[in-house]
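# Observations on the three-dimensional arrangement
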Amino acid sequence: MNFDRSTTSPSPLRWLNVIERGGTDDWRDLYRRCRDREFAGQVAELLALSDPDMLPSARLWRFLLEDLHPDLKVHLPADRPAATTEPP
């Protein structure tokens, strides 16, 4: 899969595409790269751009990044309880 689908050259959004649509090997590569605190911080900032339908992946990566780097706090603006539909 071409994770640089939004551009003809590599961009940081590539990593958001990996988080949302990548496979196991893609995630392993990203996790290895995130051992670098600076890189992990860049990925953490991208999580705020996550597709609301892909929030479970973003939440998992928030946990992974904060576990790797306890001083890194990841904020997901769309991180709120799912809306529920109650019967009338």
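Structure: above.
Quantities reported herein were computed from a predicted structural model and do not represent experimental measurements.

Definitions and cut-offs
- Residues numbered from 1 in each chain as written.
- Predicted model: local features only at pLDDT ≥ 70, side-chain atom pairs only at ≥ 80, totals over all residues.
- Heavy atoms only, no water.
- Axes fitted to C-alpha atoms, helices over the stretch in contact; angles between N-to-C directions.
- Helix = DSSP H or I, 4+ residues; strand = E, 2+ residues; numbered from the N terminus.
- Parallel < 35°, antiparallel > 145°, perpendicular 65-115°, else oblique.
- Left-handed = near helix turned anticlockwise from the far one by under 90°.
- Contact = heavy atoms within 4.5 Å.
- Nonpolar A, V, L, I, M, F, W, Y, C, P; charged D, E, K, R; others polar.

### What to know about the packing of helix α1 (residues 13-21) against helix α2 (residues 24-33)
- Look at α1 against α2: their axes get within 9 Å of each other, and the N-to-C directions meet at 130 degrees. It follows that α1 is oblique to α2 by the angle criterion. Crossing of α1 over α2 shows left-handed handedness. Where α1 approaches α2, its residues W15, V18 and I19 are matched on the opposing element by D26, W27, D29, L30 and R33.

### Points about the packing of α2 against helix α4 (residues 55-68)
- Following both chains from N to C, one finds α2 and α4 inclined at 35 degrees, their axes separated by 11 Å at the closest point. Between α2 and α4 lies a crossing of right-handed hand. The segment α2 lies against α4, with W27, L30 and Y31 engaging S57, L60, W61, L64 and L68.
- Residue composition of the contact of α2 with α4, by class: seven nonpolar, one polar and no charged.

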